[in-house]
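# Observations on the model geometry
Listed here are the chains, written in short residue letters.
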Amino acid sequence: PKKTFSGAVANGRMVASGWEEMSSRRRSKSPSTRRRAQLDASSTGKMVLVEQQIEHGQSAIFECLSTGIASQPTDLHRKPLPIHHGPPQKPLTDLVLASLYAIFLPDGFPHSVSDDYLPYQIYDTLQAFCSTITGILAQRAMLTGMGVGNEAAKVAAALWQTTVRRNIGKVARIVFTTLKGTDMDANCKTWRLVADVLNDLAMAIELLSPMVCLASSDCNTQWAYFGFVCFAEVCRAIVGVAGGASRAALTQHFSLRDNFGDVNAKDGSQEMFVEILGSGIGMMVSDFALESQQGPKWTIFLFFAFLHVLFNVLACRSVCLLTFNRQRAHIVVEQWLRRRKVIPPAVAARSESVLHFGGSGVRGVSILLGATISDLAQHGDVVSMVKASEGEAHIVCDAQEGSGWLPSW
């Protein structure tokens, strides 16, 4: 007689039931007309109905794969084949993409970061690649100036020059942090761009520094060379402060699930990988440029420096910050005064300048950002303003009309 197997697969477990003999003549000899069995198997998550014809004296081992269900009959007197419980095999391309996601992107991407994270990282990767190539050119010039390959160069003079230069840079770092440290969060786009422009300027000075040395002499003992490299060190000190602080502010903006550390670490992995690729290409470019005349060297440097600044501008323009600084407050308030309309953050981001140092606001209008309650009391009823805000973060008061307004950002 033949038996019919019917079953279903769902949520990773296959439940088999309904063993019935097709022949009524053998029904009395059958030990049971209905049996129930449970077989663990992987599943695609969908309900899959199975019907299998099984000859008398045989059992079936079912294996649920990602593409469906396969059965293999075996004799009852033989040892059953083992059931495969492992995950389905994935294509090689899927495994490679999954590995790249785990290495370079934050956990939970894209839901764990803001929408502007991906375009920013694309431009940031391109600018890091260009900066690595220009950095190789500048580093080779610095080694030449310090006396590598020059028999007249002295180790003591090179050590003295390097130590004094680095200490001057540390002092500049402290002074700059004291003067501009509180402005990094509010104007992180501006200082990010300033840091990259100063970085290119520092590399240009380092590339130029060996040219001020006298022929067949030690550059470390010449004041002109020392002044050049010290100025470049001061620029690099500002780059370290402004670049690090602005990057931290942007990373905080991108992090949506309290994953600041993960986003920051993956950004570092991306930068390190790009620097590895860029350093190899930079070595080939430097061998070609520095062994030729000065023209090709500066042409290559200026080309990649221009791309470096361009990609940084595009990266800053792609970020849509959701908090007010003085410039974004001016833009929003100006649109409200003209049209009585609150513009969304994306529109304000397209209108703001990436280079803003707190200058002009709305013409003919005095705007006080971060006013106190006593300032509001001079222009209207504070209680009505607070009630109108409904517990939101910002209140904007029109001093002429004495009414409160809340931007819903």
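Residues numbered from 1 in each chain as written. Predicted model: local features only at pLDDT ≥ 70, side-chain atom pairs only at ≥ 80, totals over all residues. Heavy atoms only, no water.

### Details of the overall build of the chain
Helix and strand counts for the chain come out as 11 helices and 8 strands. A buried classification covers 38% of the 409 residues belonging to the chain. When contacts within the chain are restricted to residue pairs at least 6 apart in sequence, long-range pairs at least 24 apart make up 67% of them. Summed over all atoms, the accessible surface of the chain reaches about 23,900 Å², with 59% contributed by carbon and sulfur. (Helix = DSSP H or I, 4+ residues; strand = E, 2+ residues; numbered from the N terminus. Buried < 20%, exposed > 50% of the residue type's maximum accessible area, 1.4 Å probe, protein only. Contact = heavy atoms within 4.5 Å. Areas by Shrake-Rupley, 256 points an atom, 1.4 Å probe, with all protein chains shown as cover.)

### A word on the side chain of N199
The residue N199 is located in helix 4 (residues 188-208) in this model. Overall, the relative accessible area of 11% leaves N199 in the buried class. Within the structure, the side chain of N199 is placed 3.5 Å from the side chain of S131, a separation counted as a polar contact. (Polar contact = N/O pair within 3.5 Å; in protein donor to acceptor, adjacent residues only side chain to side chain.)

### Section: empty space enclosed by the protein
Following the criterion strictly, the structure yields 3 cavities of 30 Å³ or more and no others. If you trace the largest cavity, you find it lined by A186, N187, C188, K189, T190, L321, N325, Q327, R328, E352 and S353. At the level of secondary structure, the elements contributing two or more residues to the lining of the largest cavity comprise helix 4 and helix 8 (326-339). In the lining of the largest cavity, the residues fall into 3 nonpolar, 5 polar and 3 charged. (1 Å grid on protein atoms, 1.4 Å probe; cavity = no way out; pocket = protein on both sides within 12 Å on 5 of 7 lines; lining within 4 Å. Points joined across faces, edges and corners; volume = space filled by probe spheres on them. Nonpolar A, V, L, I, M, F, W, Y, C, P; charged D, E, K, R; others polar.)

### Quick look at a nonpolar patch on the surface
Judged by side-chain polarity, L92, L95, V96, L97, L100 and Y101 come together as a nonpolar surface patch covering roughly 580 Å² of accessible area. In this structure, L97 sits in helix 1 (residues 92-104). (Patch = residues over 30% accessible without salt bridge, like charges linked within 9 Å, V, L, I, M, F, W, Y side chains within 5 Å. Salt bridge = Lys/Arg side-chain N within 4 Å of Asp/Glu carboxyl O.)

### Quick look at the pattern of salt bridges
One pass over the full model with this rule turns up 11 salt bridges. One salt bridge connects D124 with R247, and the closest N-O pair in it is separated by 3.8 Å. With D124 in helix 2 (residues 117-145) and R247 in helix 5 (residues 223-254), this pair connects stretches of sequence that are 123 residues apart. Side by side, D124 and R247 carry an identical accessibility label, which is buried. Between E334 and R338 there is a salt bridge, and its shortest N-O distance comes to 2.6 Å. Placement of both E334 and R338 in helix 8 is noted, with a separation of 4 residues, approximately one turn of the helix.

### Comments concerning helix 4
With 21 residues, helix 4 extends 30 Å between its outermost C-alpha atoms, agreeing within 8% with the 30 Å of an ideal straight helix rising 1.5 Å per residue. Judged by how many residues are buried, helix 4 sits mostly within the fold: 18 of 21 residues are covered. (Expected span 1.5 Å × (residues − 1).)

### Concerning unusual backbone geometry
The omega torsion of the bond from F109 to P110 falls at 5°, within 30 degrees of zero and hence cis. Mapped onto the elements, P110 comes out in the loop between helix 1 and helix 2. Residues other than glycine seldom take positive phi values, yet D258 does so here, at roughly 55°. Within the element layout of this structure, D258 appears in the loop between helix 5 and helix 6 (260-290). With relative accessibility at 82%, the residue D258 sits in the exposed group. Within the chain, R340 stands out as a residue other than glycine whose phi angle is a positive 55°.

### Details of the packing of aromatic side chains
The final tally for this structure, using the stated rule, is 11 aromatic pairs. Each ring, one from F104 and one from F273, has its centre 5.2 Å from the other, and the planes form 55°; the classification is tilted. Pair noted here: F104 is in helix 1 and F273 is in helix 6, with a separation of 169 residues, a long-range link. For F104, a relative accessible area of 19% puts it in the buried group. Taking the centre distance of 5.9 Å and the plane angle of 80° together, the rings of W298 and F301 count as edge-to-face. Of the two residues, W298 and F301 both sit in helix 7 (residues 294-317), 3 residues apart, roughly one turn of that helix. Classification of F301 by relative accessible area gives buried; the value is 3%. By the ring-pair criterion, three or more aromatic residues cluster together here, those being Y101, F109, Y117, Y120 and F254. It is R340 that lies over the ring of W336; its NZ or CZ is 4.4 Å from the centre. (Phe/Tyr/Trp six-rings, centres within 6.5 Å; stacked < 30°, edge-to-face > 60°. Lys NZ or Arg CZ within 6 Å of the ring centre and 35° of its normal.)

### Points about the nonpolar core
The nonpolar side chains of a soluble globular protein tend to be buried, and buried together. Membership of the largest hydrophobic core comes to 16 residues, with the highest contact counts inside it found for C130, L137, L207, I300, F301 and F304. Among the elements of the structure, helix 2, helix 4, helix 6 and helix 7 are those that each provide at least two residues to this core. Here this core takes 6 residues from helix 7, the largest share from any one element. If sequence neighbours within four positions are ignored, F304 has contacts with C130, I133 and T134. (Core = buried A, V, L, I, M, F, W, Y, C linked by side-chain atoms within 4.5 Å.)

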